[in-house]
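Residue-level listing of the chains:
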Amino acid sequence: MLATSPVATGEAHITKGTPMKATKWWQNTAVYQIYPKSFNDTTGSGTGDLRGITAKLDYLKDLGAGALWLTPVYPSPMVDNGYDISDYTGINPQFGTLADMEELIAEAKRRDIRIVMDLVYNHSSDQHPWFIESKSSRNNAKSDWYIWRDAKPDGSAPTNWRGIFGGSAWTYCAEREQYYLHTFAEAQPDLNWENPEVRAALFAAANFWLDKGVGGFRIDAITYIKKPAVFEDGTPDAADGMVSVHTMTANTPGILDFLHEFRREVFDGHDIFTVGEANGVSVAELPDWVGENGVFSMLFEFAHVLVPYEEGECWSKMIPWKLTKLKGALSASQAGVAKEGWYPIYFENHDRARSVNYFFPNGGDTRLAAKALATVLMTLRGTPFIYEGEELGMTNVRWDTIESYDDISSHGQYELALKEGFSPAEALSFVHFNSRDNARTPMQWNTSEHAGFTTGTPWLPANENYHTINAAAEEKDEDSVLSYYKQIIRLRKTNPVLLSGVYEELLADNEQIYAFSRTAGNRRIVTAVNFSAEEAALPAGFLKGVRLIGSYADAPSTVLRPLEAVVYEEEVK
Ligand code: GLC
């Protein structure tokens, strides 16, 4: 296939009087998410490190990234790969030193790239000195820093809540003769935000990183920090007799008071962005959370990534794929922040399977699928977030046994599926489709052993397709997914209609095509993407004006070819 048509720079399309409401640096950039453990290993340890990120800054600059969100790099027993933190102001020796971090921040800044840290404040590690003290007795100075409750009269857990990774959300502690709550793994005890000392300690840690010059924060699992006043059993939602802790505690009234204090004590007065991970916040609630009167710059909500599921995310409870459900979710989010606030657009992160498999369950050419999603990612209204390897079109892995999987939630979901009556083969197929390890295999740099990620033994095996899908090969191929990403990021950054233009969904009932327009002043951009592996008919005269970019070499006729994506710009009266 030949190269895609040249990209218009957008300069020619600036119209006098175009509303430019989006004026912050982070609104007109692309954020790139790094999973440091899997990105680039400079020591041969088999685990990526901070110097490995610094070594790849030119690659990231060339791609067009203006900010790098690092998943946690703090000291951690790594039960949940860093989301179990044992020191909020240190660096995990596996990843390097504080000096390496300072160098990364400085080297990134020289290239006009900011470093964004992940704040995991719903819980710490059970190895954090705070928890070690808290669990030692009922009357120590930190006894109230976590969520402790007595057993039920029969000695069982205080409630029937299931943790998000499976199993009870409570673990018994013999020293205190009490249970502690953990929304996630047993090794991740929930912090007690009701205690002002806890909040002050967490805010101080975030300010420590601001003083180091970070450009923002991604705030983990933030919807769980407020617990209900009364802890009660819920109606069981699965065969294990338990109910998800999410149902019982997500987004509990009063949470915004904590968050406004967080904003005042940490975020206000800094030229940074904040993005909260907010499973459980509905689109209708967005104005309370983002924008001038809200708390964060942006919020990751989950509706569009949960499209394959009935409700929540029980991996065995899948429903038939429907493009209209995905489109509806994306359009609702666009509407939710149309007047106030801003949206982080994403299809992948370290918790999701690879998007070329997840959003195209019926198959098709994964290169075209990657370009199709890139087109949506870069032309919706909001800040695009790219996850490492997404810009190469990296795909899922498919390992033969559950033991091959490292991800703690894959094991929990596998066990739950067995309890629900599925066979081991069926349970494994859910893991294949949704395991977080799909996104955590080593970054594919080149064709040398282990994809050029390490000279040692990688902590997770590289996807075998690195021989064809890798950065070195794609840099040389002007029709590659990587080349397409570079072109469309440039288009996104230089065309003002894509920055601030008003979003409108088109062909809303179409089960093959996702189409929408962005309009500002007298310019209108139309994106049309065929999500199916068959041809899809377009209404007559649908695409008008100049083709800015497309995933096939030439322009479409009256049909979009399998997985074809195009972007057109026209003048409107
Ligand atoms: C968030 C993180 C995920 C982690 C969990 C617990 O969902 O993205 O990776 O396992 O919180 O911290």
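Note that the coordinates shown come from a computational prediction; the quantities given were computed from them, not determined experimentally.

(A) Representation of the overall build of the protein in the model. Looking only at helices and strands, the protein features 16 helices and 20 strands. Relative to the 2.2 N^0.38 estimate, which gives 25 Å for 573 residues, the radius of gyration of the protein is 24 Å and therefore close to what a compact globule would have. Burial analysis of the protein (573 residues in total) assigns 62% to the buried set. The contacts in the protein between residues at least 6 apart in sequence include a share of 69% that link residues at least 24 apart.

(B) Just the sheet that holds strand β13 (residues 383–387), in detail. Across the sheet, which stays open at both edges, the eight strands sit in the order β11-β10-β8-β3-β2-β1-β13-β12 with parallel pairing between neighbours. In this open sheet, the two strands that pair with only one neighbour each are β11 (298–300) and β12 (344–346). The mean inter-strand angle of the sheet, taken between neighbouring strand axes irrespective of direction, is 25 degrees. Where strand β3 (residues 114–119) and strand β8 (residues 216–219) come together, four bridges link them in parallel fashion. Residue pairing in the sheet places L119 in a bridge with I219 of β8. Together, β2 (65–70) and β3 form the strand contacts of helix α3 (residues 98–110), whose direction differs from that of β3 by roughly 135 degrees. Helix α11 (residues 366–379) contacts β12 and β13 of the sheet and is inclined by roughly 145 degrees relative to β13.

(C) The confidence of the model for the protein, seen in detail. The pLDDT averaged across the protein works out to 94; a share of 96% of its residues lies at or above 70. Across residues 1–20, where pLDDT falls below 50, the model places 46 contacts with residues more than four positions away in sequence or in other chains.

(D) Broad picture of the packing of aromatic side chains. The final tally for this structure, using the stated rule, is 43 aromatic pairs. Geometrically, the ring pair formed by F131 and Y146 is edge-to-face, given 4.9 Å between the ring centres and 80 degrees between the ring planes. Of this pair, F131 sits in helix α4 (residues 129–134) while Y146 sits in the loop between α4 and β4 (148–149); the two residues are 15 residues apart in sequence, bridging distant segments of the chain. Y146 gets classed as buried once you look at its relative accessible area, which sits at 2%. Taking 6.2 Å as the distance between ring centres and 35 degrees as the angle between the ring planes, the aromatic pair formed by W161 and W170 counts as tilted. Judged by its relative accessible area of 0%, W161 is buried. Judged by relative accessible area, which is 4%, W170 ranks as buried. Taken together, the ring pairs in this structure connect Y88, Y121, W130, W145, W193, F203, F217, F258, F262, F267, W289 and F296 into an aromatic cluster. Sitting over the face of the ring of W459, K37 holds its NZ or CZ atom 3.8 Å from the ring centroid. The residue whose ring lies beneath R114 is W25, and the NZ or CZ to ring-centre distance is 4.1 Å.

(E) Representation of unusual backbone geometry. One non-glycine residue with positive phi stands out, namely N251, at about 55 degrees. You can see N251 is positioned in the loop between α6 (245–249) and α7 (255–267). Residue N251 is classed as buried on the basis of its relative accessible area of 16%.

So, how was this worked out
Residues numbered from 1 in each chain as written. Predicted model: local features only at pLDDT ≥ 70, side-chain atom pairs only at ≥ 80, totals over all residues. Heavy atoms only, no water. Helix = DSSP H or I, 4+ residues; strand = E, 2+ residues; numbered from the N terminus. Rg over C-alpha atoms; globule rule 2.2 N^0.38 Å. Buried < 20%, exposed > 50% of the residue type's maximum accessible area, 1.4 Å probe, protein only. Contact = heavy atoms within 4.5 Å. Pairing = 2+ DSSP bridges. Axes fitted to C-alpha atoms, helices over the stretch in contact; angles between N-to-C directions. pLDDT = per-residue confidence, 0-100. Phe/Tyr/Trp six-rings, centres within 6.5 Å; stacked < 30°, edge-to-face > 60°. Lys NZ or Arg CZ within 6 Å of the ring centre and 35° of its normal.

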